[in-house]
Amino acid sequence: MSTSTVWLAAALPGAPLVAGLVGLLLPPASSGDRAPARRSAVALGVAGAAVALLAALVLLVRVDGPVEAATTWVDLGGLRVTLGLRLDGVAVLVATAVAAVALAVQVYSTGYLRRGPHDDVDVDHRYPPYAAQLSLFTAAMLTVVVSGDLIMLLVGWEVMGICSYLLIAHDRRLPEAPGAAVKAFLVTRVGDVGFLLGIALLGVGAGSFRIADVLAHDYGTGTLTAACLLLLAGVAGKSAQFPLHTWLPDAMAGPTPVSALIHAATMVAAGVYAVARLFPLFERAPAALAVLGVMASVTILLGAFAATAQDDIKRVLAWSTVSQIGYMTGALAVGAPAVALFHLLTHAAFKALLFLAAGAVIHAVGTTLMSRMGGLRAGMPVTFWCMVVGLGALAGVPPLSGFWSKDGVLAAAEAAALDGTGPTAPWVGWLVWLAGLLGVAVTAWYATRLLLRTFFGATRMPLVRPHDPPASLRLPVLLLAVPAALLGLAAFVPWFADRLRVPADAATGEAVELVHLAPNLILPFVLLLVGAGVGWAGWRRDPAADPARYLGPLRPVFARAFRLDDIQHALVVRPTGALARAVRTGDELGVDGLVEGSGRAAVELGGGLAALHRAALPRAAAGVLAGALLIGLAVALIGVTS
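Residues numbered from 1 in each chain as written. Predicted model: local features only at pLDDT ≥ 70, side-chain atom pairs only at ≥ 80, totals over all residues. Heavy atoms only, no water.

**Student:** In this structure, what is going on with the overall build of the protein? I would like to understand it.
**Tutor:** Helix and strand content of the protein: 25 helices and 2 strands. Expressed as lengths along the three principal axes of its C-alpha atoms, the size of the protein is roughly 115 × 65 × 55 Å. By the burial criterion, 54% of the 642 residues in the protein qualify as buried. For the protein, the share of sequence-separated contacts (at least 6 apart) that also reach a separation of at least 24 residues comes to 79%. Of the roughly 25800 Å² of accessible surface on the protein, 71% is carried by carbon and sulfur atoms. (Helix = DSSP H or I, 4+ residues; strand = E, 2+ residues; numbered from the N terminus. Buried < 20%, exposed > 50% of the residue type's maximum accessible area, 1.4 Å probe, protein only. Contact = heavy atoms within 4.5 Å. Areas by Shrake-Rupley, 256 points an atom, 1.4 Å probe, with all protein chains shown as cover.)

Next up, the structure:
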């Protein structure tokens, strides 16, 4: 790797890292937009993301094949930890997506975290630490992307967890924010324990944590399967896959730009990217891929059905993220990492667009509840059309980006099911394919419901006069609408497809096929029309009512996501809390009681002896005489017995 390429690669995480560390030294803003600290924070945040994006674009042109630069960081008795960078087409494309979304979020935040018409107090309080934490979040994800060593990857992985905790809890006026932050931190930590053990197992087995050495090492089947399963625990936590998905909807307590960053290009994408980076290992562990396929299938449907009954617009999008990440992990499970990464890139574009457009709606009407929206199309035409593009890409409307990438996932699953292609058994392909097809119809239904409930019908807040947001919010939304609409067409460009090769694809020498123009496109499209048509028909019958009413008794079940959160609370949270209370009681009454009791006994004994010492002369003389008599009596008794 040339010196200039090394510097550019280092600038990817380095620029936002420096911006974040400097930003943490700034004092909190105290006087609104005129505060120098706020202006400095804005400049640092935007500059850090802009430099990272510029470096990524240059590397996108310069990097053709895998390049690496590394130096030994720590040598623990032959177990080497390296400090290095590893770039290839996949890494550069993902880094470009991360930096682009981060820059859009930084610019958007300058207008979103500002006092609006529905705010009683300034909403830009503590803006400097907020912007700094966004920069650190971006730097952590870019570290995961360009890392050439598993320990470096783990560092970025964990820093993202810390930053997510801080950002979700940013608005301390919201009573649910602290609990949501703690929940996100703890649930992802559960998975990260397995992720750490998996990395340790791979590194110790290979004698090095360098990713190239790990991929080249010949592990035993049992060791490799165990390591991959442990890694999947971390993937389930970070990427909000069943059963560690419960933190992601609650994370909507954070500011909407934070939701866009977490859901689009950073935290939830990290697990998919990590599996794709280590995919040659997973190919040799089909049992782990089968587990991943089951996890993905359940997650696709769980997220889709849960989204159908939500009233909060951000929670609808959050559950859609859970479902869409399931499509990516499903593609990985059937042996199509390039397709998974393609959907990761398109999802980054349209999900960032959806969250930022939803933020514009929330900024205009002052609520996140769709039951209080309606009729916004006339007053917010720019936001409306951007939301149409985003929801169309989410649902898979041709020729928008999501159509091509989701079709690639379904085609790969179909091939695995019908033709037996891929590293896993055909039943895994069947599972992913059928879940994906049903997910298409359900996604089209809830996307249609969101659009109709928000922008059509009569307004349900007559006193509100909604309008499109100011330029600082509108410009990022408009720019993100372009890749959300057109990025899927890049699959027809050989240059783009070649850069999505993972090491397994490069080893076979086969061309990467991202788009499948075949009759099997018809079935997903028909399911899309059915889902959207059913949603429109339910709304058309009574535009003032919620189409979710047709779910009947299933509606509360879907709204609570099959009550899995309650089950988790009953089986994990309550027993853990009871155990913690028991340990605390034992510590206070047992350990502390013993120590404090011995101290109190010593104090009381000393007090008694002191009282005797301070006694008057007659009492003292009587005490001495009594002691002498006792000693004499003892001596006499000893003499008699002897």
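**Student:** What am I meant to see in the pattern of salt bridges here?
**Tutor:** Should their charged atoms come close, side chains of opposite charge can pair. Here the structure, examined in full by the defined rule, presents 14 salt bridges. Between Asp-250 and Lys-183 there is a salt bridge, with the nearest N and O atoms lying 2.6 Å from each other. Of this pair, Asp-250 sits in helix α9 (residues 247-250) while Lys-183 sits in helix α6 (residues 177-206), and the two are 67 residues apart along the sequence. Judged by its relative accessible area of 23%, Asp-250 is partly exposed. Among the residues examined, Lys-183 registers a relative accessible area of 18% and is labelled buried. Among the ionic contacts, a cluster of salt bridges with common partners joins Glu-68, Arg-86, Arg-210 and Asp-213. (Salt bridge = Lys/Arg side-chain N within 4 Å of Asp/Glu carboxyl O.)

**Student:** Just checking my understanding: could you explain the pairing of strand β2 (residues 79-87) for this structure?
**Tutor:** In regular strands, side chains alternate between the two faces of the sheet. Most of β2 sits inside the fold, with 7 of its 9 residues counted as buried. Two successive antiparallel strands, strand β1 (residues 67-76) and β2, enclose a turn made up of 2 residues, where Gly-77 displays a positive phi of approximately 60 degrees. (Pairing = 2+ DSSP bridges.)

**Student:** Help me understand helix α15 (residues 337-365), please; the structure alone is not making it clear to me.
**Tutor:** Side chains that are three or four residues apart share a direction in an α-helix, a result of its 3.6 residues per turn. End to end, α15 covers 41 Å across 29 residues, agreeing with the expected 42 Å (1.5 Å per residue, within 8%). With 29 of 29 residues buried, α15 is to be regarded as a mostly interior element. Of the residues trailing α15, Gly-366 is marked for its positive phi of about 75 degrees. (Expected span 1.5 Å × (residues − 1).)

**Student:** Please clarify how the nonpolar core should be interpreted in this entry.
**Tutor:** Across soluble globular proteins, nonpolar side chains have a tendency to be buried as a group. In this structure, Trp-247, Phe-282, Met-387 and Leu-514 are the most contacted members of the largest nonpolar core, which totals 200 residues. In terms of residue count, the dominant contributor to this core is α15 (22 residues). Beyond its immediate stretch of four places on either side in the chain, Trp-247 contacts Lys-183, Ala-184, Val-187, Thr-188, Gly-237, Lys-238, Ala-240, Ile-262, Met-267 and Val-268. (Core = buried A, V, L, I, M, F, W, Y, C linked by side-chain atoms within 4.5 Å.)

**Student:** Which parts of the structure should I look at to understand the packing of aromatic side chains?
**Tutor:** Any pair of aromatic rings gets described here by the distance separating the centres and the angle formed by the planes. Using the criterion set out here, one finds 14 aromatic pairs in the structure. Seen in terms of ring centroids, Phe-342 and Phe-496 are 5.9 Å apart; in terms of plane orientation they differ by 70 degrees. Their pairing is edge-to-face. Of this pair, Phe-342 sits in helix α15 while Phe-496 is found in helix α20 (residues 494-499), placing the two residues 154 residues apart along the sequence. Each member of the pair, Phe-342 as well as Phe-496, carries the same accessibility label: buried. Here a set of aromatic residues connected by ring pairs shows up, and it is made of Phe-384, Trp-385, Phe-455, Phe-456 and Trp-539. Stacked on the ring of Phe-185, the Lys or Arg Arg-189 has its end atom at 4.6 Å from the ring centre. (Phe/Tyr/Trp six-rings, centres within 6.5 Å; stacked < 30°, edge-to-face > 60°. Lys NZ or Arg CZ within 6 Å of the ring centre and 35° of its normal.)

**Student:** How should I be thinking about the packing of helix α1 (residues 3-23) against helix α4 (residues 127-146) in this particular structure?
**Tutor:** Between two packed helices, both the angle of their axes relative to each other and the distance between the axes serve to describe the pair. Direction vectors running N to C along α1 and α4 enclose 155 degrees, while the axes themselves pass 7 Å from each other. Considering the angle they form, α1 stands roughly antiparallel to α4. In this structure, the crossing between α1 and α4 has a hand that is left-handed. Together, Leu-12, Pro-13, Pro-16, Leu-17, Ala-19, Gly-20, Leu-21 and Gly-23 of α1 and Pro-128, Ala-132, Ser-135, Leu-136, Thr-138, Ala-139, Leu-142, Thr-143 and Val-146 of α4 make up the contact between the two elements. (Axes fitted to C-alpha atoms, helices over the stretch in contact; angles between N-to-C directions. Parallel < 35°, antiparallel > 145°, perpendicular 65-115°, else oblique. Left-handed = near helix turned anticlockwise from the far one by under 90°.)

**Student:** Would you take a moment to explain unusual backbone geometry for this structure?
**Tutor:** Note: most residues except glycine have negative phi, and most peptide bonds are trans. With omega at 5 degrees, the peptide bond leading from Phe-242 into Pro-243 counts as cis. On the secondary structure map, Pro-243 appears in the loop between α8 (221-238) and α9. With an omega of 0 degrees, the peptide bond running from Pro-398 to Pro-399 counts as cis. Mapped onto the fold, Pro-399 is located in the loop between α16 (381-395) and α17 (401-418). One non-glycine residue, Ala-561, adopts positive backbone phi at about 55 degrees. Overall, Ala-561 belongs to the buried group, its relative accessible area being 5%. The backbone of Arg-563 sits at a positive phi, close to 60 degrees, despite the residue not being glycine. Within the secondary structure layout, Arg-563 lies in the loop between α23 (554-559) and α24 (564-613). Arg-563 sits in the partly exposed class, given a relative accessible area of 43%.

**Student:** Explanation requested: helix α18 (residues 426-455) in the structure shown.
**Tutor:** For α18, built from 30 residues, the straight-helix expectation of 44 Å at 1.5 Å per residue is met to within 8% by its first-to-last C-alpha distance of 43 Å. With 24 of 30 residues buried, α18 lies mostly within the body of the structure.

**Student:** Any chance you could explain the side chain of Ser-297 here in plain terms?
**Tutor:** In this structure, Ser-297 sits in helix α13 (residues 286-307). For Ser-297, a relative accessible area of 6% corresponds to the buried category. Polar side-chain contacts of Ser-297 include one of 3.4 Å to the backbone oxygen of Leu-431. In terms of polar contacts, Ser-297 uses its side chain to reach the backbone amide nitrogen of Val-432, at 3.5 Å. (Polar contact = N/O pair within 3.5 Å; in protein donor to acceptor, adjacent residues only side chain to side chain.)

**Student:** Got a minute to help me understand the environment of Val-572 in this structure?
**Tutor:** Secondary-structure assignment places Val-572 in helix α24. Judged by its relative accessible area of 46%, Val-572 is partly exposed. Residues Val-572 and Ala-69, spaced 503 residues apart in sequence, show a C-alpha to C-alpha distance of 44 Å.

**Student:** Is there a simple way to explain the environment of Trp-495 in this structure?
**Tutor:** Here Trp-495 lies in helix α20. Residue class for Trp-495 comes out partly exposed when judged on its relative accessible area of 40%.

**Student:** Help me out: how do you make sense of the confidence of the model for the protein in this one?
**Tutor:** Predicted coordinates in areas of low pLDDT are best not read in detail. With 93% of its residues at a pLDDT of 70 or more, the protein shows a mean pLDDT of 88. At the level of individual helices and strands, the protein shows its lowest average pLDDT in helix α21 (residues 503-508), which scores 52, and its highest in α13, which scores 96. (pLDDT = per-residue confidence, 0-100.)

**Student:** Mind showing me how you'd approach the pairing of β1 here?
**Tutor:** When β1 meets β2, the two strands line up antiparallel, connected through 9 bridges. Across the sheet, residue Val-74 finds its bridge partner in β2, namely Val-81.

**Student:** Where do I start with the environment of Val-61 in this structure?
**Tutor:** Among the structural elements, Val-61 can be located in helix α2 (residues 36-62). When the C-alpha positions of Val-61 and Gly-89 are compared, they lie 9.8 Å apart, and in sequence the two are 28 residues distant.

**Student:** Which parts of the structure should I look at to understand the side chain of Lys-351?
**Tutor:** Of note, Lys-351 is situated in helix α15. Although Lys-351 is buried, it makes no salt bridge; Asp-312 carries the closest opposite charge, 13 Å away. (Lys, Arg positive; Asp, Glu negative; His and termini not counted.)

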